[in-house]
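Structural features, examined
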Amino acid sequence: MPHRRTLLLPAALLALWHLVFICAGFLAPYDPAEQDRDLPYTAPAHWQFHDSQGFHLRPYVCPPHDLAATSQPQQCYPLQFFVHGWRYSFAGMRWSVHLFGVPTPGRIAILGTDAYGRDMCSRLLFGGRISLAIGLLAVLVSLLAAMLIGTVSGYYGKWTDELLMGGAELFLVVPWLYFLLALRAMLPLHLSASATFLLVVGVIGSLGWARPMRLIRGLVLSARERNYVLAARGFGASDAYLLRRHIAPSTAGVLLTQAALLVPQFVAAEAALSFFGLGVSEPVPSWGNMLAVLQQYSVLVSYWWMLAPAFALVITSVMYCWLAEVLQRSLKSFSI
Amino acid sequence: MPRTVRLCLLLQVFAILCLAAPSPDPLQPKEEVQLCKENAGHYGGRLVVGLRAEPKTLNPVTAEDAVSREVIAELTADLVHINRSTQQSEPALAKSWKVSADGLSYTLKLRRGIRFSDGQPFDADDVLFSFAVYTDEKIDSPQRDLLIINGKPIQVTKLDQYTVHFILARPYAAAERIFDSLAILPRHILEKPYREGQFLQQWSLNTPPSHMVGLGPFRLKQYLPGQRVVLERNPYYWKADSAKRRLPYLDELVFVFAANEDARLMQFEAGETDVVNRLSAQNYSLLTRQSGPSGFQLQDLGPSTEYNFLLLNLNDIGSSHLPDLERKQAWFRDLRFRQALSAAVDRDSIVRLAYGGRGTPLWGNLSPGNKLWVNSAIPHPQLSLEAARQLLKSAGFSWNSSGTLIDPSRQPVQFSIIVASSNSQRMQMATIVQDDLSKLGIQVSVVPMEFRALLQRVFQTYNYEATILGLGGGDADPNAEMNVWVSNGSTHLWHLGEAHPATAWEADLDRLMNQQMLTLNYKRRKRLFDQVQRIIAANLPLIFLATPDVLVAASPAVGNFHPAVLEPNTLWNIDQLYLNRGAEMARSH
């Protein structure tokens, strides 16, 4: 089938993209929370393949020009692979090996550093892990809710339908940002990082169910009038059997497409929450709280590398939208 | 001929523009104007300044917010004025004053022959009327507190048309500083509404400009809601320059509104405004980098009088609600815990990262910017994690196997710091403190919060554990700090509404602060206030962090630009600021 092959490329790329963030500890040269207060807002390091002895395949990492000119002597360090550095946990074990690094006291800041001299590359990787995890988990939560409520609403109809649909519409019109501000004010001030993480997943997930729920309800509404469903009912099939065997499968394709569309939306929602200080808090990185610093005009116009999380967000969105489009196309061809 | 027509048109426009601003009235022979020593500038031009909000009122008696007061300061004048540059009081509407030997009575000689902005004369009756209004209980002016000494309002009597006599209930140090920023009101305009009980409705933003009369360098010309306030020269202003020409030089002073500092910076960069009052270090260095050959006038005036600090909640909260906070307050109340926090905070990093190196670390409540009063003998202990650990150990704290600090009842030590999300410097300070304290095994969470919500927690509900705030920036005199250090003061932040001083050192502070208020001799007062600073630094009710430098900028056209550390930093000598014609013409083309 042709759609299988077109689906393969975006799916594989996305898997690779996620793999990068899953392996953040291995790929990140430094602890994302470690501050090097002598090096705030250092520009990305530049690479040097040439020195007095000619060309090297193994590049040297040199401090950025402005820094080299002012304070530190120009010293370049050779890039090394599989170096030992700070310890991180992965798959339930403690590791210290990293893909790349430079010998101390050199520092490799391939994406520069932030206001506290923390390595942007490491923060981008760990921030991505959190942002993407929040996006994916929130999608799971909201689609589960959407499926449950949408199916009940569409299948049972009548007052159940009206009640649930009314509820969903009410959900859509509430001004969420203000609601969240009020919610944060009511919660205890001291929340651990994991509690905040779950809270953000819960909040985004429970806010996003209304739209997909209406779609699913529409599908269920039409599916339950299909001849094969009516026939099965005529043969005495129970509601549970009908829902499981005939109706739920017909919504699977839409659910998948919805998931692909919602993930980037929810990742962006996390970024927005953290941008306003409502999401994951310092020193744990997320793309949103990394971008929050760009609220300052001086940072926005002076340090372009602080925009890196925005590019990561764009890449994520483009890949997921591509996947969604391919999915939808293949579903269409499938249904015809 | 099209060319002549154009020329005529230009001339006409020019004539209209000239008519638009009143020219200064020639000096009268009997008028006792104040002569200024600054370089003589030239007349004309409009100076545009960005303001962070719209004024709420133009009534000097009822205005509470700093923005309204900033505009009002240009429209009105006071009897005695604090020179923002020297930080000393100097004559204003009163040309001289005498203090009796017991410090209880002040005799002020007023300037003769000077006039309000509508041309009406000023005399002692205006002063009497003004003080009647300020001390009126029904009006309830925010300045009233200042004028009530020992429970009694200051008494004012008129000795003759140009002499007034003030009687204080008890001696009050530097009492002449009270007169600063107390605007003298025009009796001929406001007495009738005052008698009719209409005073509170006077001089709102809807008042026609002709009804707004004052003694300031400018008078109201136009107010466009949401856009700008336009002030024009007061043609009868009572100051003249060294060449005996009446001030101010500027035809117009315009305030435009821009809510945040970045917006004000962009307006300044675009040439829409001429002066920026306080810049963050980041924006200052941005301007330094962008400043071309024509160059902005950028000045780093050194440390401000503001102090930023980490505040731990020591309020009495009652045991029923907030049990968690109650438990944490046991740590906060332990001096050794506070000392340990203070020893572990890297103030140099705060200055370097939050203020871009343009600031000064602080260990006491006065910054070196307060030249007259700072106690330079306050110790500046070095950052030392080892000392912090020793202090915690001696207070019964210990560490578990994962390095977390645990208190004597085996609970992990963790607390939250609430910070105003709009203040990026304080956000940065909080993140640095968080990182520093993590090295002691203390888990701190930083909670950004809208500023008003934060103030509500600090002042009303007491539902917070710690916060980072800043105070100061006003008058440099110790009396301005009374409400912070006296135990029943309204800004006694760490423990508000204390009936009695909770600790012996707070009782000492009360005694010393009251004593310095009654002491008239500067040296003796300084000794008392030095002691106050020493007690504060030793007991750390606030953990002082840093003070930013005062950073200001003006366009190259602004002449006589001599910004000061005290507020209003750039506009304090507005009557002497002028615009260089060449630069002004270049800008208008």
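Positions within a chain are numbered from 1, following the residues in the order the chain's sequence is written. For this description, chains carry letters from A and ligands carry numbers from 1, given in the order in which they are written. In keeping with the model being predicted, local features are shown solely for residues with a pLDDT of at least 70 and side-chain atom pairs are shown and tallied solely at 80 or more, while totals for entire chains, interfaces and linings include all residues.

**Comments concerning the overall build of chain B**
The helix and strand tally for chain B stands at 17 helices and 26 strands. The dimensions of chain B, computed from C-alpha atoms along their principal axes, are 95 × 60 × 40 Å. Any residue whose C-beta has 12 or fewer other C-beta atoms within 10 Å is treated as exposed, any with 20 or more as buried, and any in between as partly exposed, C-beta atoms being built from the backbone. Counting every position in chain B, which comprises 589 residues, the buried fraction comes to 46%. Counted over contacts in chain B with a minimum sequence separation of 6, partners at least 24 positions apart contribute 69%. A run of DSSP states H or I qualifies as a helix once it reaches four residues; a run of E qualifies as a strand once it reaches two. Both are numbered from the N-terminal end. Residue pairs are scored as contacts if the distance between their C-beta atoms, which are placed from the backbone, is within 7 Å.

**Here we look at the packing of helix α4 (residues 120-156) of chain A against helix α5 (residues 158-173) of chain A**
Residue and element names in this part refer to chain A. To get an axis, fit a line to the C-alpha atoms, keeping to the stretch in contact for a helix; angles then go from 0 to 180 degrees between the N-to-C directions. Remark: α4 packs on α5, axes separated minimally by 7 Å, with the N-to-C direction vectors making an angle of 140°. Of the two elements, α4 crosses α5, and the hand of that crossing is left-handed. Along its contact with α4, which presents Ile-149, Val-152, Ser-153, Gly-154 and Tyr-156, the element α5 presents Lys-158, Thr-160, Asp-161, Leu-164 and Met-165. Polarity classes work like this: nonpolar for Ala, Val, Leu, Ile, Met, Phe, Trp, Tyr, Cys and Pro, charged for Asp, Glu, Lys and Arg, and polar for all others, with Gly in that last group. Residue composition of the contact of α4 with α5, grouped by class: five nonpolar, three polar and two charged. Take the far helix as the reference: if the near one is turned anticlockwise from it by less than a right angle, the crossing is left-handed, and if turned clockwise, right-handed.

**Observations concerning the domain arrangement of chain A**
The figure often quoted for interface size is the accessible area lost as the parts come together. The split into domains, and so the bounds of each, comes from an automatic or database assignment of domains. For chain A, the assigned domains read domain 1 (45-108) and domain 2 (122-335). Its C-alpha centre places domain 1 of chain A at a distance of 40 Å from the equivalent point of domain 2 of chain A.

**What to know about the nonpolar core**
A set of buried Ala, Val, Leu, Ile, Met, Phe, Trp, Tyr and Cys residues, joined through C-beta atoms within 7 Å, is what we mean by a nonpolar core. Counting 224 residues, the largest nonpolar core has Ile-417 and Leu-545 of chain B as its most contacted members. Here the element with the most residues in this core is α4 of chain A; it accounts for 16 residues.

**Details of the pairing of strand β14 (residues 252-257) of chain B**
Residues and elements named next belong to chain B. For strand β2 (residues 46-51) and β14, the ladder comprises six bridges, and the chain directions are parallel. Across the sheet, residue Val-48 finds its bridge partner in β14, namely Val-254. When strand β12 (residues 228-233) meets β14, the two strands line up antiparallel, connected through five bridges. Directly across from Val-229, in β14, lies its bridge partner Phe-255. In this analysis, strands are considered paired if DSSP registers two or more bridges between them.

**A short note on the sheet that holds strand β6 (residues 105-110) of chain B**
All names here are of chain B. Reading across from one edge, β5-β6-β10-β9 is the order of the four strands in this open sheet, with antiparallel pairing throughout. Edge positions in the sheet fall to β5 (94-99) and β9 (155-160), since each has one partner strand and no second. When the angles between neighbouring strand axes are averaged without regard to direction, this sheet yields 20°. For β9 and strand β10 (residues 163-167), the ladder comprises five bridges, and the chain directions are antiparallel. Bridge pairing in β10 links Val-156 to Phe-166.

**Thoughts on the interface of chain B and chain A**
Chain B puts 26 residues into the contact, and the matching count from chain A is 19 residues. Examining the composition of the side of chain B that touches chain A, we find that five residues originate from one element, helix α12 (residues 424-438) of chain B, more than from any other. For the side of chain B that touches chain A, the per-class residue count stands at eleven nonpolar, eleven polar and four charged.

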